[in-house]
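Coordinate inspection notes
Listed below, chain by chain, are the residues.
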Amino acid sequence: LVKELVEEVIQVYQELSSDTHFPVMQPPIGIGSTYEGWSHHGDDAVYRLLVPLKAGRGHSFCLKESIEEQRPKRTFRAKVQLKCTCTTEEPAENMPCFLHHPDKRQRRHRREHLLSVLCTGSYLDVHKMVAWFQDFVRSIWGMRPKMCHYHLKMLPSPRSCKLQLTDSLGRTFVTELIFGLQQGDSDIFLCSRSREATLTTSTTWSASCAVAEAKFFQHIARQVPRGSYHLKCLRVCTQILAGTGFSSAAMKALVMHLLTTTPLSGWCRGAFVERLKDIMQYLHCCLERKHLHHFFLGNDNVPEEISLPAAYEMAEPLNLFQGLAQDPAAQAKALCEFKVIYDR
C-alpha cells in the first residue's frame, strides 16, 4: 500500500514535469528490513523507499569522487552539466537544445533556474532537493483517489522526505523517501541519506548497498525451500541484541555471509535453534578475531544476479569491526555484552 501511494506521487510528478528540465524520478525501490521481510518494529516500522533520479532533458550528472583515500570511494558529489540534445533526443518545441539554441538568454535563464532551485554552485544539493520535493508533495496531495484516504504530515528531515500518513481509523505509518543516483548500471546507488556519519556537506552523496541487499534477499527467497526460517533467524537475533552495541547492519552482513556459505536446505523450521546457535557462534568468532567482512566488497560469494561496480569486486575486503581492532577496550566490552546475552 505504501509503495502504491508513493508510485502515484511519482506518476503525478512525471506527468507535471515531463516537459521540464528537472530530474526524472524512476519507480521507487523498497529497501531496508521492512521490505526485506525481517523487520521487528511492528507498528513502529518505517517503510523506506529509494527513488532513483536521472538527469532531466538537456542535462547530465557527472559524479565527482571525494578526495578520501578509501577504495572504493564511498562519497561523491553530482555535478549538473549541460548536454547536447540536438540528435540524441526527440526535439520539443518548448525545450530546445540548451547548448545550441540561438536564444542564449532563454538557455541561460533555464539553466540558472535549475541551479538556483536544486544546486549549490553547480552540484546537486540534497537539502534543496528534499525541500523542493516536500513542497511538491504537499501541493499535489489529494490529486489521486488513494491519496484522499490519508492525512499527510511532513516530518522534518534534511536528507530524506519523511511522510507521516494517517488513515480514517487513526492508524499512522511513516514512509521515508531517499533519493539515489545509480552508479553506472550497477545495484549500488549514491544516496541522499546514509546510516554512516560520512555526509559532511549538503552536496555530498553516499554510496549505499541497500538495493543490492534487497536483491540479495529476493535471490535467496527464490533458492530456499518453502517455509525457510532464515528471515526469522535474522529477526530474532536482532531482537536479542537490541539495545547493545551490535548494529542490525552488522547482524545482517553476518547472516548474509552464512546464507552463502552453508546449505540453504538447513534453514528450515526444524533446524531453527541450530541456525540461531550458528549465527551467535559466528558473531562470537568475529568478535574474537575483531573482523567481519563487508558482504559486497571483495567477496567472491556475491550472487551473479547482483551487479556491482568493478571497484567493489576488486576491492580488498572491508572490516566492519575495524573499530574493535583499533580499540581493545571496545572489543572487551563487546565480548562482555555478548557473554551476558548468550548466557541469558
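Definitions and limits used
Residues numbered from 1 in each chain as written. Predicted model: local features only at pLDDT ≥ 70, side-chain atom pairs only at ≥ 80, totals over all residues. Heavy atoms only, no water. UniProt positions renumbered as here; feature names shortened; annotations may be inferred. Core = buried A, V, L, I, M, F, W, Y, C linked by side-chain atoms within 4.5 Å. Buried < 20%, exposed > 50% of the residue type's maximum accessible area, 1.4 Å probe, protein only. Domains from an automatic or database assignment. Contact = heavy atoms within 4.5 Å. Helix = DSSP H or I, 4+ residues; strand = E, 2+ residues; numbered from the N terminus. Expected span 1.5 Å × (residues − 1). Arc of directions from axis to C-beta. Polar contact = N/O pair within 3.5 Å; in protein donor to acceptor, adjacent residues only side chain to side chain. Phe/Tyr/Trp six-rings, centres within 6.5 Å; stacked < 30°, edge-to-face > 60°. Lys NZ or Arg CZ within 6 Å of the ring centre and 35° of its normal. Axes fitted to C-alpha atoms, helices over the stretch in contact; angles between N-to-C directions. Parallel < 35°, antiparallel > 145°, perpendicular 65-115°, else oblique. Nonpolar A, V, L, I, M, F, W, Y, C, P; charged D, E, K, R; others polar. Disulfide = S-S within 2.5 Å.

Per an unreviewed UniProt entry, the recorded name for the protein is Inositol 1,4,5-trisphosphate receptor-interacting protein-like 1, and the organism is Dryobates pubescens. In its Subcellular location (unreviewed entry) section, UniProt records this for the protein: "Membrane". UniProt, in its Sequence similarities (unreviewed entry) section for the protein, records the words "Belongs to the ITPRIP family."

Observations concerning the nonpolar core
One finds M25, F133, V137, F179, I279, L283 and F296 to be the most contacted residues of the largest nonpolar core, which totals 87 residues. No fewer than three residues from each of domain 1 (1-208) and domain 2 (224-343) sit in this core. Among all residues touching M25, those that are not within four sequence positions of it are I10, Y13, Q14, V51, P52, L53, M129, F133 and F179. One finds I31, I178, F189 and C191 within the second-largest nonpolar core, a separate group that totals seven residues.

Side note on helix α7 (residues 248-261)
Taking 1.5 Å of rise per residue, 14 residues should cover 20 Å, and α7 covers 20 Å from first to last C-alpha, within 8% of that figure. For α7, a buried count of 10 out of 14 residues is recorded, marking the element as mostly surrounded by other parts of the structure. Turning to α7, its buried residues are A250, M251, K252, A253, L254, V255, M256, H257, L258 and L259. Tucked inside the fold, the buried residues of α7 contact α2 (32-36), α5 (210-223), α6 (230-240) and α8 (272-289).

A few points about helix α11 (residues 328-343)
Residues separated by three or four positions in an α-helix point in the same direction, a consequence of the helix having 3.6 residues per turn. Compared with an ideal rise of 1.5 Å per residue, which puts 16 residues at 22 Å, α11 spans 22 Å between its outermost C-alpha atoms and is within 8% of the ideal. Along α11, the residues that are buried comprise Q331, A334, F338 and I341. The buried residues of α11 occupy an angular sector of 90° when projected down its axis, which confines them to one face. For α11, the exposed residues lying more than 90 degrees away from the buried face are P328, A329, K333, K339 and D343. Where α11 is buried, its residues meet α6, α8 and α10 (322-326). The distance from a side-chain oxygen at the start of α11 to the backbone nitrogen of A329 is 3.1 Å, and the residue carrying that oxygen is D327.

Regarding the packing of aromatic side chains
On inspection of all chains with the given rule, the structure shows 14 aromatic pairs. A centroid spacing of 5.4 Å and a plane angle of 70° characterise the contact between Y229 and F272, whose relative ring orientation is edge-to-face. Pair noted here: Y229 is in the loop between α5 and α6 and F272 is in helix α8, with a separation of 43 residues, a long-range link. Using a relative accessible area of 17% as the deciding quantity, one classes F272 as buried. Taken together, a centroid distance of 5.0 Å and an interplanar angle of 90° make the contact between F295 and F296 edge-to-face. These aromatic residues form a ring-pair network of at least three members: Y13, F22, W132, F133, F136 and F179. Over the face of the ring belonging to Y123 we find R77, whose NZ or CZ atom lies 3.8 Å from the ring centre. Between the NZ or CZ atom of K232 and the centre of the ring of F272, over which it lies, the distance is 5.6 Å.

What to know about the packing of helix α1 (residues 2-16) against helix α4 (residues 126-140)
Two measures define how a pair of helices packs: the angle their axes make with one another and the distance between the axes. Where α1 contacts α4, the axes come no closer than 11 Å and their chain directions differ by 100°. Put simply, α1 runs roughly perpendicular to α4. Of the residues in α4, those in contact with V9, V12, Y13 and L16 of α1 are W132, F133, F136, V137 and I140. A per-class count over the contact of α1 with α4 returns nine nonpolar, no polar and no charged.

Concerning the state of the cysteines
Taken as a whole and judged by the stated rule, the model has zero disulfides. Here C233 is not cross-linked by a disulfide; its sulfur's nearest cysteine counterpart is in C237, at 6.5 Å.

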